[in-house]
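Here are the chains, one letter per residue:
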Amino acid sequence: MELRQLKYFVRAAELLNFTQAADELYITQSTLSHQIKELETSLNVLLFDRIGRRVKLTESGEIMLEYARRTIRQAEEAKQVLMDLNNLKTGKIIIGSTYGLVNLLLQSATEFNEEFPDIQIQIVLGSTSDLMQKIRSYEIDCMLSFMPSSEDNQLDVMRLFSANLSLILHTSHPWSKLKKITFQKIAELPLVLPSQSYSIRNFLDETLLKNNMQLKAKIEINDIHSLLDLVNSKKWCTILMDTSLFHFPELVAVPIESKNITREATITFPSGIYRKASLVFFQNLIMKKMVMHNLV
């Protein structure tokens, strides 16, 4: 069993398409099929069911996928430990972020590049649920989100700062100067809200339930930037965390007058995984920013 075979197997298992996997791995489909067949022979199990041109994971394949990812990750960790030992400032870090924390991420990425100019930074944006799946499969090194602290022993979740659920509207709106606003007043407004795939929407729905309130969205959308574009048109309002407006200077966040409207911004790492020196520096950089802005 070779590490290369495991990498081939993982990509094929993720895509369930040998042709596409081979293209992404820069090998021929016949090479991919041959290497996976050799892996199956060495393990004495079938990892894929071949149904015509389609493939799907067998039960053995599903079990093997978790171990293959872990083995690949451990091999990469071993290499990184040796690189850190020799003070080689190369490689890459992959950071995931939800939209409300992108501004913090981009500021930190700029400073990080000044310290580690030869390290590539890959930024992955997505919903909390999307990023959780990626962190569990070791596709990203860490994620910035509003995921609360967890008792899950596979995750290390560290608090960054608190943010408040707020009404987002254009500065031209007559209510933009309000110090606070109630859900009862918000119900009068034309609302566009994030779709159910976003944790912010789930948090909002839970808050409304606790307050025995309902809000009806005219539009639901699964892209926060597009949602804010609609609000910027002056025709709509929305509800988001008050950290989401960095690209929209003409929008304001009015705090909602209610209990249970605060969420904790967090940085999450897979537990028990070696953190390369560059990733530790990135984490410290984030925490330093929190102290500078009196957010911790």
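Scroll up to find the structure.
(A) Quick look at helix α5 (residues 102–115). With 14 residues, α5 extends 20 Å between its outermost C-alpha atoms, agreeing within 8% with the 20 Å of an ideal straight helix rising 1.5 Å per residue. Inspection of α5 places V102, L104, L105, S108, A109 and F112 among the buried residues, and these make up the whole buried set. Burial along α5 is one-sided: seen end-on, the buried residues are contained in an arc of 140°.

(B) Spotlight on the pattern of salt bridges. Under the defined criterion, the tally for this structure stands at 14 salt bridges. Where K185 meets E188, a salt bridge forms, and the shortest distance between an N and an O atom there is 3.9 Å. Here R201 and E220 are joined by a salt bridge, their closest N and O atoms 3.0 Å apart. Here the residue R201 occupies a position in helix α8 (residues 199–210), and E220 occupies one in strand β8 (residues 217–221), the gap between them amounting to 19 residues. For R201, a relative accessible area of 8% gives the class buried. One network of salt bridges, with partners in common, ties together R11, E14, E24 and R69.

(C) Fine view of the pairing of strand β6 (residues 155–170). Of the strand pairs in this sheet, β6 and strand β11 (residues 262–270) are connected by 9 bridges, and their pairing is antiparallel. In the strand pairing of β11, F161 is matched with A265. Pairing of β6 with strand β9 (residues 238–241) involves 4 bridges; the strand directions are antiparallel. Looking at β9, one finds that L167 is bridged to I239. Of the strand pairs in this sheet, β6 and strand β10 (residues 251–255) are connected by 5 bridges, and their pairing is antiparallel. Paired with H170 across the strands is L251, a residue of β10.

(D) Up close: the environment of S30. Counting through the fold element by element, S30 comes out in helix α3 (residues 29–43). As a C-alpha pair, S30 and T19 span 11 residues in sequence and 9.2 Å in three-dimensional space. Among the polar contacts listed, one links the side chain of S30 to the side chain of T28, at a separation of 3.1 Å.

(E) Local environment of the side chain of T207. Relative to the helices and strands, T207 resides in helix α8. Residue class for T207 comes out buried when judged on its relative accessible area of 2%. Reaching out from T207, the side chain makes a polar contact with the backbone oxygen of F203 at a distance of 2.8 Å. Apart from residues no more than four positions distant in its own chain, T207 is found in contact with L165, F183, S258, K259, N260 and I261.

(F) Broad picture of the side chain of Q35. Examined against the element boundaries, Q35 turns out to sit in helix α3. Judged by its relative accessible area of 9%, Q35 falls in the buried class. For Q35, the contacting residues outside a window of four places in its chain are R4, Q5 and Y8.

Cut-off values and rules
- Residues numbered from 1 in each chain as written.
- Predicted model: local features only at pLDDT ≥ 70, side-chain atom pairs only at ≥ 80, totals over all residues.
- Heavy atoms only, no water.
- Helix = DSSP H or I, 4+ residues; strand = E, 2+ residues; numbered from the N terminus.
- Expected span 1.5 Å × (residues − 1).
- Buried < 20%, exposed > 50% of the residue type's maximum accessible area, 1.4 Å probe, protein only.
- Arc of directions from axis to C-beta.
- Salt bridge = Lys/Arg side-chain N within 4 Å of Asp/Glu carboxyl O.
- Pairing = 2+ DSSP bridges.
- Polar contact = N/O pair within 3.5 Å; in protein donor to acceptor, adjacent residues only side chain to side chain.
- Contact = heavy atoms within 4.5 Å.

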